[in-house]
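Listed below, chain by chain, are the residues.
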There are 2 protein chains.
Amino acid sequence: MSGVGCMNHNREGSNLSTTSNALAAVNSKPRSHSINYVSSDYESLDYDHYESELTVREEKLNGYKTVVATNVIRWLIYFSIAICTAAVGIFIDTIIEYLCNWKFQSIRNCIDVKHSTMECLIIWILFTVIPTIIGCCVVLFMEPSAAGSGIPFVISYLNGVRIPRMTAVRCLLVKVISVICVCAAGLGGGKEGPLIHIGAMVGGSVVEAWWKGFRSGPGRKIIGPLQNDQERRDMMAAGAAAGLSAAFGSPVGGTLMSLEEGTSFWSSSLMWKVFFCAAIAFPTYNAGKNILYTNNTNPSESVHSKSIYFFGKFNENTIYFSYSEFPIFIIFGIFGGVLGALFVNINYRLSIFRMKHIISNRKKLLESVFVAVFVAIVNLTTMILLNNCQKKLEISSFNVVQMFCPAGSYNEISSFWLHTQEENIRSLFHYPIEAYSIFSLLVYCVTYFILTELTVGLNMSAGLFLPSLLIGAAWGRIASKVIHYYSPGIIGNDPGKYALLGAAAQLGGIVRATISLTVVFIEATGNVQFLLPLMITLFTAKWTGDFFTDGIYEMQIKLSGVPILISEPPPLTSDITTEDFMSDTVCAIPHILMVGKLVDILNTTKHNGFPVVASKVCYCRTTIEHKCYGLLKGFILRSQLNVILEHNLYLSPLHDENYYTKLELIRKSTFICDDTLLFQKLKVKEDERSIVIDLRPYMNSAPYIVRLETSLSRTFRLFRTLGLRHIVVINNTNEVVGIITRKDLAKFRLWRKAATMGLKEVNVY
Amino acid sequence: MSGVGCMNHNREGSNLSTTSNALAAVNSKPRSHSINYVSSDYESLDYDHYESELTVREEKLNGYKTVVATNVIRWLIYFSIAICTAAVGIFIDTIIEYLCNWKFQSIRNCIDVKHSTMECLIIWILFTVIPTIIGCCVVLFMEPSAAGSGIPFVISYLNGVRIPRMTAVRCLLVKVISVICVCAAGLGGGKEGPLIHIGAMVGGSVVEAWWKGFRSGPGRKIIGPLQNDQERRDMMAAGAAAGLSAAFGSPVGGTLMSLEEGTSFWSSSLMWKVFFCAAIAFPTYNAGKNILYTNNTNPSESVHSKSIYFFGKFNENTIYFSYSEFPIFIIFGIFGGVLGALFVNINYRLSIFRMKHIISNRKKLLESVFVAVFVAIVNLTTMILLNNCQKKLEISSFNVVQMFCPAGSYNEISSFWLHTQEENIRSLFHYPIEAYSIFSLLVYCVTYFILTELTVGLNMSAGLFLPSLLIGAAWGRIASKVIHYYSPGIIGNDPGKYALLGAAAQLGGIVRATISLTVVFIEATGNVQFLLPLMITLFTAKWTGDFFTDGIYEMQIKLSGVPILISEPPPLTSDITTEDFMSDTVCAIPHILMVGKLVDILNTTKHNGFPVVASKVCYCRTTIEHKCYGLLKGFILRSQLNVILEHNLYLSPLHDENYYTKLELIRKSTFICDDTLLFQKLKVKEDERSIVIDLRPYMNSAPYIVRLETSLSRTFRLFRTLGLRHIVVINNTNEVVGIITRKDLAKFRLWRKAATMGLKEVNVY
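Along every chain, residues carry numbers that run from 1 in the direction the sequence is written. Labels follow written order: the first chain is A, the first ligand is 1, and so on. With the structure being a predicted model, the display of local features is reserved for residues of pLDDT at least 70 and the display and counting of side-chain atom pairs for 80 or more, all residues being used for whole-chain, interface and lining totals. Side-chain metrics in this entry use all non-hydrogen atoms of the structure; hydrogen atoms and water are not considered.

### Describing the overall build of chain A
Here comes step 1: Tallying secondary structure elements over chain A gives 29 helices and 12 strands in all.
Here comes step 2: Accessible area is worked out with a 1.4 Å probe on protein chains only. A residue is then buried under 20% of its type maximum, exposed over 50%, and partly exposed in between. A buried classification covers 64% of the 765 residues belonging to chain A.
Here comes step 3: Across chain A, the fraction of contacts at a sequence separation of at least 24, relative to all contacts at a separation of at least 6, is 79%.
Here comes step 4: Per element, the accessible surface of chain A, about 27,400 Å² overall, is 63% carbon and sulfur. Here a helix means four or more residues in a row that DSSP labels H or I, a strand means two or more in a row labelled E, and each is numbered from the N terminus. What makes two residues a contact is simply this: any of their non-hydrogen atoms within 4.5 Å. Only the protein chains shown count as cover for residues, and the accessible areas themselves come from Shrake-Rupley with a 1.4 Å probe.

See below:
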C-alpha cells in the first residue's frame, strides 16, 4: 500500500495527540501525589496472558466438579458486591442527611430567630467551607485519583485500560469522605456519579478480599480460575451497575448504563451477572433506608417521603401526552443538546485553565475554598435580593425559611438552597404550577449552572448527574409555565411532565447516553408510558450535542490522555496496514539466554511485553540491514520475568514441592498494577548472572499475531473485542517485525475531527 | 500437549454430534423442499472477507462526506424496518381478529340458538381444520423453513450462521399466512414468536430493497459500505427487536431480548440502532391499531380494550408485595422451572419421534389435521362435561356462551376456548378471584399444556410465548386460590399478582431468558414495582430448568445441527490446541495458476474457502511426507472464484471502464446464500483453460491466522467475537497446515453433558 500516505497519517496523529498531552502533562508533577495525565502511564489490561501454560496445567488437575464450585463462588462474589455497594450507599446517604439537617437547622435558627444577616453569612460560609476543606484535603493529600465523578475512569477501565489504584481501598475511603463533604457543603455536585465509581471500587475490593480469603487450602483450586483481569473487570462492571442501581433505584438502567458506556467486551452471561448484581443492590439499599428512616418520616404522605421511585411516582392519570406535542419534545431535545454542549465546552476551557495555572496543592485548596465561599455568598445574596414570597403548600417540606415574608409563607429561593438535591428534584417534578415563579426558577437555573461548572472540576469527588437534572428541570418548568400561559389546555395544572423532559434533555445533552438514560427515567418515575417522549428528547439531545462537542466523559477521557478505543474502527482506514502504524522498536529476547542478559534488558528498557524469538542474539532495535528480529516463539510479560528473577525460579526445576506456590506467583504477576514495583531495578548475584534460563515453560506460546498486510480496521477489531494489550506483527516467514500496542490504535480516535473539518467549521477541540 | 487425550476428546465429540445428526438427517430428503437438518448445510456468515482489496480501493474514492451520507441512509433504513415491521404486525392482528370474531359468532349462534351439539362440533371442526390445512400446506409446499416459531433460526443467524432463505420474501409471506391460520384455528400456538422471525425477515427484505434501489447512480457509493453481511445482520437484529416490541409493547424488552438471545457481536452503537428501531415500531403499531379499532371498542373501559399495556395495566395500589412473600416467589420459580423442563423434555421426544416417523408431506399434513380435529373435540367436550356456570361480571367480554347455564351466567370453560389468547391472558391477570373455579383452571391448564406440545412441532408457524404464559397464568391463579383459602390476608381479592408470576415462571422455565423477560413483563404490565419478585421468580425458574434440560431454543438448535457457538469457551479446554481439532484436509491453491486447474478444483471439492499459497503445485490433501501446504499468501472464497470464472474477469485487466460493475460483482459474491448457485458445475471454454490467472488482486491478503500451538479457548474467542467463518492454521514458518471452521468448534458445546455426568445422572440428551 501507499507507504508515504500512511506515514503522513501516522505523523499527523502523533502531533495531534502530542498537543493534547502537552496540555495534560503540565499537571503531572513527580513530587506530588497527583495523578499523571500522561498517556504513557496508562497501559491496557491483559486478558490474553493469563492463559499461560501454567494455568492450563493447573486447570487440568481440577476437573468438572471444581468448575461447578467455581461457578457457585462466582455468583456469591456478585451477591456480596451488591450487598456491599448498597451498604456503602446507605452509609453515605445517612451521613449526608444528618449533616444537611444540622446545617439547615442552624441556618434557619439564625435567619428566622436571630435576624442577623452578617452572622448568618458567617455560619453559612463555615458550613460550606469546612466540609469543602476536609473533602479537598483528603483527595489532595491522600488519593488524588479520587477527584471528579470517576466515571471516566470506570469507562476507561472497562474499555480495557489499566487505571492505577482503581481497586485501592484507600481510594474508596477517600472517595466516600469527599462525596459526603461535597453534598454536605451544598456545592454543585451530586453523589450519584461517584456512587458508580464507588460501586466499581467496591467490586474490585470485594473480589480481592475473596481472592485473599481463598489464597490457601483447598479453596485455592476453586478460586484459581477467577483470579484474572477479565473476571475482575466483569465484577467491577457489576459493581458500577449496582452503584447506579442503588443511586437511582434503577436496576435495568444500571445494567444498560454499564453496557452502553462501559464494557467493550460483552456476552449474555456477563449481562446476567451485571443485572443480578444491580437487581440485588436496589432492594437492599431500599430496605436498609426504610429500616433507618421509619421513625423519622412524617405520617403524612408528602412527595419528599422515601419512595421507591427516586423522582417520585408520576401518576398516569394526570400525566399523558398527545402526538401533537412531538414538536415540543424535539425542541426540548435541541435546547438540551445546545445547553449540554455549552456546558461541555465551558468545562473543557476550565479544565485547560486549571491544568495550566492551578498546579500546586496549595492553589488547588485555595480554589476550592474560594468556590465554597462564593457558593455561600451567592446563596444568601439571592435569598435577600429576590425576596419573593410564596404561600406554604400542604405538601411543602419544612426546609424553608420565612425571612422577610409574612407568616404562612416562605422565601421562595430558600427552598432551592436549603433542600437536599433529592428533595429539590422531587419538588421541581411534582409541585403544582404556581409553586415557583419564572423569575426565581431562572435565577436558580443560571446560578446553579455556574456553580456546577465551578464545582465539577475541583479536586473533590463531585458528580454531575443530579446538578444537570436540576438545571434541566428548572428550565423545563419555566417552559411549562410559558406554554401554560399561551395554551393552558396542553398541560393542565401539572408542569411535571415538562420538568422531567427538561431534566432528561439537559442530562442527555451533557452525558450523551440514550437508551440507558431512558430506562433510568422510566424506573425512577415508575411510569412506562412516557417512554416515547423521553426517547425522542434524549435522541435529539444526543444528536444536537454531538454536532457541537463530544460528551463530557469522552472529553475528560481525551484530556486525561487515556488510550481508549472507540466502539467502531474509524472509517477510511481499511487501506492503512499494520506496517504503517506499528512500532518497530521491539525488544525481542531469545528463548534461551543468560540471566545477566535478561536483567540488563529489563533494567535498560521500558517495554511491558517482549516477543520471545528463536535467535541467539538479543536485538532491541534492528539496524537497517536487519529488518526483522528472528522467528517468533512466544511472548512474555515484564511482570512474569520480574517474578522469575525475584523468586529465583531459574535455580530449581519447575516441578518440585513448591509447584503451587510458584504457580500462584506467576499468575499473580500478570496483574501487578503498580508501576513502581514493575519498573524497579532488579539485582541478581554476580555468580548467578551466567546461569542459563529457558523461557519456554513460562511464556505464552501462542500469542495473537497479525501479518504486516493486515488492515487497521481488522487490527482494531481484534484489540477492541478481545481486549488485547500487545499484538505481535510478523512478516511472511513468521519473523517478528514489530509490535502494536493500544496506544498506537488510540491515536485514530481523532478521525472525527478530520471528518467534521470536511463538513463545517472546526470544533473547539 | 497430550495428543492422545485430545484425539479422544475429539472423537467423542464427533460421536455425540453424529448421533444427534443421524436423528436429524432422517428428515432431509433431497427431493422435497424440506429444510435439511444436516450440520454440513449450515455455513457461517462471513464478516471477514468483505473487506477485500477492492472495497478498500472504492472506499478511498469516496471520502468523509460519503461517510456522513451513509450514516444518514443507515438510520433511514432502520426507520423503515421499524415502520414495515409494525405494519405487518397490524395486518396480522387485524386478520386474526376478524377471523376469530367470525368463528365465535358462528359457534355461539350454533350453541346458544340452535342447541345442536353435533352440528356445533362439525362447525367447530371445520373452523379449526380449514385454516390448519391452509396454514400447513403453504408451509409444506411453498417454504418448509417457515415452520415453527423461527426464533432458533434468528438466534443462529445472529450467532453468525448462514441460514438459507432467511431473507427470502416468500418465506416472509408464507410465515404471515401460516401464523394467521394457526391463531384463527385456535391451536395452541401464538403469534408473538413468529413475529420476531417476521421482524427479522422484514429487516432483511427492507435492506435488500434499499440495496437494489441504490444499485446504480451516485447512490451506489453511499450504499456501498452498507452492503455486507455485518450490516444486514445488525438490521435483522433490529427487525427482530421491532417484532417483539410490537408484539408485547415492549421496546426495551425487545432490545434486550435481541441482545440476550441473539447477537454474539455487540457494540454500543448497535444497541442504539436496535433500540431506535424497537422504540419506533411500538408506537407505530399502537397508533395503527388505535386508528383501526376506534369504532369497534365499547365505550365502557373493560380490561379487554386495547391498552398500551399488553397484559393490561397492573395497578400499584391494589398489587404490592412484602418481603415475607419471597419464599413463595422462589417456590413459583422452582415449579415453573420443573414444568418448563418437562415441556422441553416432552418436546424433545416428540421432535425425535416426528423426525423418525413423520417424514413425508402427506403424513405431516395428516398430523396437522389430526391435531386440529383433536383440538376442536377437546374444546367442545370439556365445555359439555364441565358444565360449570359462572355469573356474568361487569367486565366480562361478550365472547362466552350460555350453553346449559341459566340466564345471566355463562359456561365457564367456554371463556377459555372462545377468547383470543390476548383476551384470555388479560382475564386471567385481572378478573377477580371468584371469576374462575379451581377445577376449570386445572382442566384448562392441563389440556392447554397438551395442545401446545402437539402444536409447537407441527409444520406451521406457531410460537410458544403466549401459550406458555397462559399455562403459567392458569396454575398461578390456582395457586393464588389455594393461598387465598389458607391465608386470605396475603393477596386480598386480587389473584393477578400470582397469575403474573406463574406466567413468568412458566415462560422462563421454557425459554430460559431472564433479564429481557423481566423487562418485557414490566413494560407489558406498566408496573415497575414488581421488578424484584419477577426477577427472583425468573432466575429461580432458569436455574431450576437448567438443572434438568437446556432451554427450548437451545434444544431445537441442537436438534437442527446448526453449528452455533455458545457465549463462553467451554472449560477445561485450554490444553487443547488447534492441532488437535483443526481439519487438515485443506485445499490450498497457488496464487498464480491456470484457469483450467482452478475450475477442476472447484468442481471436485466442496470447500467454501481456499488458502492461497506460494507454491507451484496445488495440494488438496497432503501426503504423510508433505506435512504442510506451502507459504500462506492469502485467502479466497469459493463465491469469489465463481464470480471471477463466470464473468471471465481473467480475460481483461482489473482497471478498465467496467471497474465498478466488476467491483459490485465481487462484493455481492461474498454473500451468495444459495447453495445450488454456489456449488453448480462451472464450465469454461477449452482454449481458455490455459490462461494464467493471478489471484492476488482478488484475495484477502491478510486473513486471520492462528498458530498450531494456540489453545481452543483462544481460538473460540476469536471465532465468537469476530464472527469468523474460517481461520487458517499456520506452523512456525508461516506455512499452511490446516484450517478451522465453525463446525470444528461447535462440537465442543457438548461439554455440559460431560460436566453434568460427573455430578448427577445423565440428562435426557
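### Concerning the state of the cysteines
Residue and element names in this part refer to chain A.
Here comes step 1: In this description, a disulfide is simply a cysteine sulfur pair whose atoms lie within 2.5 Å. Inspection of every chain in the model, using the stated rule, returns 2 disulfides over all chains.
Here comes step 2: Paired by a disulfide, cysteine 110 and cysteine 120 hold their sulfur atoms 2.1 Å apart. Linking cysteine 110 and cysteine 120, the disulfide has an S-S dihedral of approximately -110° and is accordingly described as left-handed. Of this pair, cysteine 110 sits in helix α3 (residues 64–114) while cysteine 120 sits in helix α4 (residues 117–142), and the two are 10 residues apart along the sequence. This pair shows no difference in class: cysteine 110 is buried, exactly as cysteine 120 is.
Here comes step 3: Cysteine 136 carries a free sulfur, and the closest cysteine sulfur to it, the one in cysteine 137, is 6.1 Å from it.
Here comes step 4: Considering cysteine sulfurs only, cysteine 183 is the nearest to cysteine 181, which forms no disulfide, with 9.6 Å between them.
Here comes step 5: What makes cysteine 181 buried here is its relative accessible area of 8%.

### Let's talk about the packing of aromatic side chains
Here comes step 1: Pairing of aromatic rings covers Phe, Tyr and Trp, the last through its six-membered ring, and needs centres within 6.5 Å; plane angles under 30 degrees mean stacked, over 60 mean edge-to-face, and all others mean tilted. If you walk through the whole model with that rule in mind, you get 48 aromatic pairs over all chains.
Here comes step 2: With a centroid separation of 6.4 Å and 75° between ring planes, the pair formed by tryptophan 75 of chain A and phenylalanine 539 of chain B is classed as edge-to-face. Residue tryptophan 75 of chain A is located in helix α3, and its partner phenylalanine 539 of chain B is located in helix α20 (residues 531–548); the two belong to separate chains. For the pair shown, tryptophan 75 of chain A and phenylalanine 539 of chain B are each scored as buried.
Here comes step 3: Here the aromatic cluster, defined as three or more aromatic residues joined through ring pairs, consists of Trp75, Tyr78, Phe275 and Phe276 of chain A together with Phe539 and Trp543 of chain B.

### Examining the nonpolar core
Here comes step 1: Counting residues in hydrophobic clusters, the biggest one holds 342 residues, and the most contacted among them are Ile77 and Phe311 of chain A together with Ile77 and Phe311 of chain B.
Here comes step 2: Ignoring anything within four residues of it in the chain, the contact list for isoleucine 77 of chain B reads Val206, Val207, Trp210, Ile223, Leu226 and Met235 of chain B.
Here comes step 3: Here, the term nonpolar core denotes a set of buried Ala, Val, Leu, Ile, Met, Phe, Trp, Tyr and Cys residues that are joined through side-chain atoms within 4.5 Å. Listed in part, the 38 residues of the second largest apolar core include Ile740 of chain A together with Phe719, Leu722 and Leu745 of chain B.

### Examining the side chain of serine 178 of chain A
Here comes step 1: For serine 178 of chain A, the location among the structural elements is in helix α6 (residues 169–185).
Here comes step 2: If we skip the residues at most four places from it in the chain, serine 178 of chain A touches Gly135, Val138, Val139, Met460 and Ser461 of chain A.

### What to know about the sheet that holds strand β8 (residues 631–637) of chain A
Picture the strands of a sheet paired through backbone hydrogen bonds; they go either parallel or antiparallel.
Residues and elements named next belong to chain A.
Here comes step 1: Spatial ordering of the open sheet is given by β5-β7-β8, a layout of 3 strands whose pairing is mixed. Each edge of the sheet is formed by a strand with only one pairing partner; in this case those strands are β5 (589–590) and β8.
Here comes step 2: Paired strands, in this sense, are two strands between which DSSP finds at least two bridges. Relative to β8, strand β7 (residues 609–614) runs antiparallel, the two sharing 6 bridges. When the sheet's bridge partners are listed, valine 612 is paired in β8 with glycine 634.
Here comes step 3: Where helix α24 (residues 638–646) meets the sheet, it contacts β5, β7 and β8, and its direction lies at approximately 75° from that of β8. The axes are straight lines fitted to the C-alpha atoms, using for helices just the contacting stretch, and the angles between their N-to-C directions are given from 0 to 180°.

### Some remarks on a nonpolar patch on the surface
Residues and elements named next belong to chain A.
Here comes step 1: Patch rule: a residue counts if its relative accessible area is over 30% and it has no salt bridge; like charges are joined within 9 Å, and nonpolar side chains (Val, Leu, Ile, Met, Phe, Trp, Tyr) within 5 Å. Here, a salt bridge means any side-chain nitrogen of Lys or Arg that lies within 4 Å of a carboxyl oxygen of Asp or Glu. Residues Met118, Ile122, Leu126, Ile130, Ile134 and Ile177 make up a contiguous nonpolar surface patch of roughly 550 Å² in combined accessible area.
Here comes step 2: Looking at where isoleucine 134 falls in the secondary structure, it is placed in helix α4.
Here comes step 3: Under the relative-accessibility criterion, isoleucine 134 is labelled partly exposed at 41%.

### Re α20 of chain B
Here comes step 1: Expected span, for any helix, means 1.5 Å times one less than how many residues it has. Over its 18 residues, α20 of chain B runs 26 Å from end to end, which matches the ideal 26 Å to within 8%, given 1.5 Å per residue.
Here comes step 2: Of all 18 residues in α20 of chain B, 14 are buried, a share of seventy percent or more.

### Digging into helix α17 (residues 465–486) of chain A
Here comes step 1: Look at α17 of chain A: 32 Å from first C-alpha to last across 22 residues, which is about the 32 Å you get at 1.5 Å a residue.
Here comes step 2: Among the 22 residues that make up α17 of chain A, 17 are buried, leaving the element largely enclosed by the rest of the structure.

Interpretation in functional terms is not warranted from these geometric data alone.
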